[in-house]
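Here is what each chain is made of, one letter per residue.
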Amino acid sequence: MTRVLALVLIALIAVLFALSLLIGPAGLSPATSLAALIRGEGLAETLVMREIRLPRAILAAMIGAALGLAGAAMQGYLRNPLAEPGLLGVSGSAALGAVIALQTGFAAHFTLGLPLAALVGAVLAVGLIIALAGPRGGALTLILAGIAVSALAAALTALVLNLSPNPFAASEIMFWMMGSLADRSMTHVWLAAPFIALGAAVLLAQGRAFDALTLGEDSAASLGVNLSRLRLVLVLAVASMVGAATAVAGAVGFVGLVVPHILRPFVGARPSSLLWASALGGAVLVLAADIAVRLVLPDRDLKLGVLTAIVGAPLFLHLVYKTRVQGL
Amino acid sequence: MALRRASNALAAALAFWGGVAVAGPPERVVSINLCTDQLAMLLAEPGQLVSISRISHDPNVSVMREEALRYPINHGQAEEVFALAPDLVLAGQFTSSYTVGLLRRLGVEVAQLPIVTGLDQIPGAIREVGRLLGRDAHAEMLAAEFSADLAGLRADPDRRPRAALHYANNYTSGDKSLANDILTAAGFANIALEAGLSGGGTLPMERLLMLMPDLIISGQHYPGASRSESVLTHPAMNALRDRHSGSALSDAEWVCGTPAVLRAITRLQEAGE
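A short tour of the structure in this document, coming up.

Cut-off values and rules
- Residues numbered from 1 in each chain as written.
- Chains lettered and ligands numbered in written order.
- Predicted model: local features only at pLDDT ≥ 70, side-chain atom pairs only at ≥ 80, totals over all residues.
- Heavy atoms only, no water.
- Phe/Tyr/Trp six-rings, centres within 6.5 Å; stacked < 30°, edge-to-face > 60°.
- Buried < 20%, exposed > 50% of the residue type's maximum accessible area, 1.4 Å probe, protein only.
- Lys NZ or Arg CZ within 6 Å of the ring centre and 35° of its normal.
- Helix = DSSP H or I, 4+ residues; strand = E, 2+ residues; numbered from the N terminus.
- Pairing = 2+ DSSP bridges.

## Thoughts on the packing of aromatic side chains
Tallied over the full model, the rule gives three aromatic pairs over all chains. Judged by centre distance (5.8 Å) and plane angle (45 degrees), the ring pair of A:Phe106 and A:Phe110 falls under tilted. Overall, the relative accessible area of 41% leaves A:Phe106 in the partly exposed class. Residues A:Phe175 and A:Trp176 carry aromatic rings whose centres are separated by 4.8 Å and whose planes lie at 75 degrees to one another, so their mutual orientation is edge-to-face. Comparing A:Phe175 with A:Trp176, the two get one shared label, buried. In this structure, B:Arg227 is placed above the aromatic ring of A:Phe175, and the distance from its NZ or CZ to the ring centre is 4.1 Å.

Right, dumping it as structure tokens:
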């Protein structure tokens, strides 16, 4: 079952990745696109394929995987299906860190300044949320803490951008809150990739601990899971992935909520399998959403978060309703 | 009710006071728009212009910054402008309608000048500001001088190199824009017209690259950082500049319809050579 799921998800990623490379305002034929991408035929065509479309497709897959995996990990640790980096303000806090790094010039003077500052923002948010919600992650505390952290991060992001001497900065509040992959470059791929890869590797290695945790903390501890170490690893790894993803693409919400929810039945609700499945599923979702924004409004920069929210918010309401019926 | 009556009385008194002042040339002129600032500084009598907009002190967009530093600045808000007791306020066509409306209700005469969208409108704009300031003769001289200088500069080569105007957010200017006129006068063809853009609009970077312009004229970078401006130095644009296109900068001289555009044309012609 899980092997079939993995193959289906990988096949979907391959198809969507290819589509993402073939769609764009330049209107190149698939043959021309491939010749330009692989053999570098034609200066303009090669630049379009290698410097504009390739980084966009890579970033969509990478950021989707990061957000899907981060969502699954937070849900596994807190044993709460409502946990998600966007909803809990982790993405928003990462965006605040990124905006501060950009506007103070820290990002310009130090290459890794941008993702590191976003990581710091994300660490503070995840740390605060987990400290507030406690290991059992009561739904009400979790969501309320998330609302407070999101609102504060959004307000401070708006403040920093409004204070900027740059005439364009204030109009970019939308980008930081909704996310977009338009006109990103290979530079952004190289900035985000190491942090996302490191976070993913660390989290995927914790599968057994997450499985044990489904039996309760005491049982998990008796099975040899070091809970305080697991918490530290989770905070740092989630922050590293969400921070890097947000630093280059803005805060894209709901990916970490929708993907684990859809995939959970297919992996027999095993957190360890859900981790890698959600990484693959997140890549599928963001690649598809990024293709959709280009098809719906080709010449305008429709934000990615608009589409993920249209899919994700009704699901979130459904989950809130279900949680309410079960009693908070 | 009493408050409204009081404010009506105040407005009437102020309108009367304003009406008396417009009999001769205005004695206290306040400009709240970058472009009217520049025309007013060129044309006003000493002491006639009492305040200009804050933006005129910004070296990024103001071509007359040194001159502008000699004038006190305002922030274009009705309250502070009113406190300067002007008998004429110069504003732009798109200056906040609330500000303009409030000033007019307070009895202040506000002249709104249209945006200049072509080189041939500049002499008219100079004469209009001259008329408002009561400096017609001076304006006539400046307008004639501008027209003569422009005629001397205008290039009409057989083969026009193709230029791309690339601003933040991939914005560009098509026909019926001052930037397009500057390009044309300097002897270039604007690729935005090939792409079918009229007026201003966005030209996706992919399409700009496919059009392979001979010259890329980039918008300038403002202080602070923005994602909007990051397209100006996107690796694909840098690569096109390195391997194919020449580069030039669209700066303060391109912003307003004033004689400064002549310098923009000259610099562009030098970049093309």
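## Side note on unusual backbone geometry
The phi torsion of most residues other than glycine is negative, and most of the peptide bonds are trans. All names here are of chain B. Its identity as a non-glycine residue notwithstanding, Asn-170 has a phi of 60 degrees, on the positive side. The phi dihedral of Met-212 falls on the positive side, at around 45 degrees, and the residue is not glycine. Mapped onto the elements of the fold, Met-212 is located in the loop between helix H10 (205–211) and strand S10 (215–219).

## Looking at the pairing of S10(B)
Residue and element names in this part refer to chain B. Across the five residues of S10, five count as buried, placing the element largely inside the fold. Judged by which residues are buried, S10 turns out to be covered on both faces: Leu-215, Ile-217 and Gly-219 on one side and Ile-216 and Ser-218 on the other are all buried. Pairing between strand S6 (residues 162–166) and S10: four bridges, direction parallel. Within the sheet, the bridge partner assigned to Ala-163 lies in S10 and is Leu-215. Relative to strand S11 (residues 246–250), S10 runs parallel, the two being bridged by five bridges.

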